Amino acid sequence: MTTSSAPLTRETGVTGFGGITPSPPAAPTGPPPVTGLRVRAFRVDLPRPWGPDVPANHVVLAEVTLADGRAGTGFTWTPQVGATAVHALLTGDVRDALIGLPSHPETVWDALWAHLHEAGGGGIPTLAMAAVDTALWDLRARAAGHTLADELGRRRDSVPVYGSGVNLHYPLEELVDQARRWAAAGYPAVKIKVGHLDPARDVERVAAVRDIVGPDVRLMIDANQRWDLFRARRALRALADLDPHWIEEPLPADDLTGHLRLREECGVPLAVGENIRTVHGFRDWLAAGACDVVQPNLARVGGITPFRRIVELARVHDVPVYPHLLPDISGQLACALPSPAMVEEVEDASFAALGMLREPFPVRIEGSRLRLTGTPGHGMDFDTTGLTVVADDAGPTAGGGR
């Protein structure tokens with residue numbers, strides 16, 4: 001008996017089951033390419049200024065349009081400076097490199113990093129990339145019909161909140177009133193600013209907050225890079241009896257060696273990361289053993305894609321991740337973290353509290369916990385009504401958005 005090696009086609013006279021000629025396999029399809037980018041930058045006044053020099057934050061919104069007509073909105077954020085520079089980079093170099101790329105977040109992020117990092121290993125380039133990356137993750141999650149937390153791998157529906165204040169400039173009475181509000185909310189942890197020239201003044205203020213919140217509430221302190229190594233040693237010795245849960249950025253954020261020495265000497269856990277801008281930077285700090293907690297800021301590191309990579313690095317080094325600020329999206333990320341985390345709620349400073357979002361909000365804070373609401377995608381439907389426009393672009397390649 002002989003057999004034919006001819007393919008099963010109409011030409012051989014042989015058909016498939018039921019007399020139907022098999023169809024060739026469909027060509028594989030990928031995510032639709034990016035076809036448009038519109039960028040707008042806004043000033044958002046703070047009801048509780050973060051100091052005489054920080055009366056407002058700045059938010060840059062990027063509306064990314066795809067070939068299938070869908071559009072997603074991403075954002076980046078900078079409190080004081082850089083919004084117009086970020087806008088310029090997005091409407092120039094980023095737009096030119098972005099149009100035509102497949103709308104896969106990781107693919108786009110790596111392509112943009114290769115294109116942009118000559119302009120800086122962090123800072124303006126990563127701030128700009130965050131706006132595109134968050135838009136692409138929004139599109140990806142909404143296309144799947146679920147929340148960002150589910151797209152990332154949701155592990156919990158809620159996370160604890162800690163009360164936080166940018167309050168170094170508050171008079172003592174105002175600081176105490178803020179601590180009373182935190183205590184009334186039942187927060188399991190609170191954080192205040194330190195860094196006065198006289199350590200005795202920091203001791204007085206931390207002690208007053210400790211008296212209000214009680215011995216069982218975790219009390220974190222944040223120096224915002226105000227000390228050198230000598231002053232940090234003196235201050236932490238003076239504050240030790242008040243049992244700080246961690247000290248955040250006691251030294252300049254790029255002083256890895258100084259933080260390593262302080263961690264070995266002071267006995268207070270060190271938290272860093274809000275001003276570390278790249279995955280490689282986090283790798284260096286974690287490998288050196290220079291920190292106990294890392295706090296990546298979603299906007300400053302370049303978006304959700306590098307945030308996830310930092311999380312995996314921290315997991316390998318057994319260091320917890322606490323997302324920095326931006327609870328409207330940080331809460332969603334925290335619900336997908338492999339290890340438990342708390343979310344920072346700076347009083348009256350979330351996008352929702354600032355009136356920047358339409359309801360339904362993606363998260364809500366009830367008492368001492370942040371809960372997901374189930375809104376598809378990242379769930380942030382931005383409302384720019386009444387905001388001050390810093391820069392706007394509606395050029396020929398701009399797309400629509402939510």
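Look up: the structure comes first, before these words.
Residues numbered from 1 in each chain as written. Predicted model: local features only at pLDDT ≥ 70, side-chain atom pairs only at ≥ 80, totals over all residues. Heavy atoms only, no water.

### Structural notes on the overall build of the chain
Along the backbone of the chain there are 12 helices and 13 strands. Projected onto its principal axes, the C-alpha positions of the chain cover 95 × 55 × 40 Å. When the 402 residues of the chain are sorted by exposure, 53% land in the buried category. The contacts of the chain with a sequence gap of at least 6 include a subset with a gap of at least 24, amounting to 70%. When the accessible area of the chain is evaluated, it comes to approximately 17100 Å², of which 52% is carbon and sulfur surface. Side chains of the chain give 38 positive and 49 negative charges; the mean places of these two sets differ by 2 Å. (Helix = DSSP H or I, 4+ residues; strand = E, 2+ residues; numbered from the N terminus. Buried < 20%, exposed > 50% of the residue type's maximum accessible area, 1.4 Å probe, protein only. Contact = heavy atoms within 4.5 Å. Areas by Shrake-Rupley, 256 points an atom, 1.4 Å probe, with all protein chains shown as cover. Lys, Arg positive; Asp, Glu negative; His and termini not counted. Charge placed at Lys NZ, Arg CZ, Asp CG, Glu CD.)

### Structural notes on the packing of helix α7 (residues 229-239) against helix α8 (residues 256-266)
Interhelical geometry of α7 versus α8 gives an angle of 25° and a closest axis separation of 11 Å. For the element pair α7 / α8, the angle class is roughly parallel. Judged by the twist between their axes, the crossing of α7 over α8 is right-handed. Residues L229, A232, R233 and L236 of α7 pack against G258, R261, L262, E265 and C266 of α8. Of the residues belonging to the contact of α7 with α8, the class tally is 5 nonpolar, 1 polar and 3 charged. (Axes fitted to C-alpha atoms, helices over the stretch in contact; angles between N-to-C directions. Parallel < 35°, antiparallel > 145°, perpendicular 65-115°, else oblique. Left-handed = near helix turned anticlockwise from the far one by under 90°. Nonpolar A, V, L, I, M, F, W, Y, C, P; charged D, E, K, R; others polar.)

### What about the nonpolar core?
Grouped together as the largest cluster of nonpolar side chains are 120 residues, with contacts concentrated most on F75 and F351. Sequence-distant contacts of F351, that is, excluding residues within four places in its chain, are made with V59, F75, W77, L326, D328, M356, L357, M380 and F382. (Core = buried A, V, L, I, M, F, W, Y, C linked by side-chain atoms within 4.5 Å.)

### What to know about α7
Among the residues of α7, L229, A232, A235, L236 and L239 are the ones counted as buried. Seen along its axis, α7 keeps its buried residues to an arc of 125°; they face one direction. Facing away from the buried side of α7 by over 90 degrees, the exposed positions are F230 and R237. For α7, the elements touching its buried residues are α6 (199-213), β6 (218-222), β7 (244-248) and α8. (Arc of directions from axis to C-beta.)

### Comments concerning the pattern of salt bridges
A full pass over the atoms with the stated rule returns 28 salt bridges. With a shortest N-O distance of 2.8 Å, E248 and K191 are connected by a salt bridge. With E248 in strand β7 and K191 in strand β5 (residues 189-193), this residue pair connects regions lying 57 residues apart in the sequence. Residue E248 shares its accessibility class with K191, and that shared class is buried. With a shortest N-O distance of 3.7 Å, R315 and E312 are connected by a salt bridge. In this pair, R315 and E312 are both assigned in helix α11 (residues 304-316), 3 residues apart and thus about one turn of the helix distant. Accessibility expressed as a relative area gives 48% for R315, which makes it partly exposed. Through salt bridges with shared partners, a single network forms among R48, R181, E347 and D348. (Salt bridge = Lys/Arg side-chain N within 4 Å of Asp/Glu carboxyl O.)

### So, the packing of aromatic side chains
Tallying each qualifying case throughout the model produces 6 aromatic pairs. Here the aromatic rings of W109 and W113 are separated by 5.6 Å at their centres, their planes lie at 15°, and the arrangement is stacked. A residue pair is termed a helical-turn pair when its members lie 3 or 4 positions apart in one helix, as W109 and W113 do in helix α2 (residues 105-116) at 4 residues. As far as burial versus exposure is concerned, W109 and W113 are alike and both buried. Pairing F351 with F382 gives two aromatic rings, centres 5.8 Å apart and planes at 65°, and the pair type is edge-to-face. Residue F351 is found in the loop between β10 (343-346) and β11 (363-366), and its partner F382 is found in the loop between β12 (369-372) and β13 (388-393); the two are separated by 31 residues along the sequence. Using a relative accessible area of 6% as the deciding quantity, one classes F382 as buried. (Phe/Tyr/Trp six-rings, centres within 6.5 Å; stacked < 30°, edge-to-face > 60°.)

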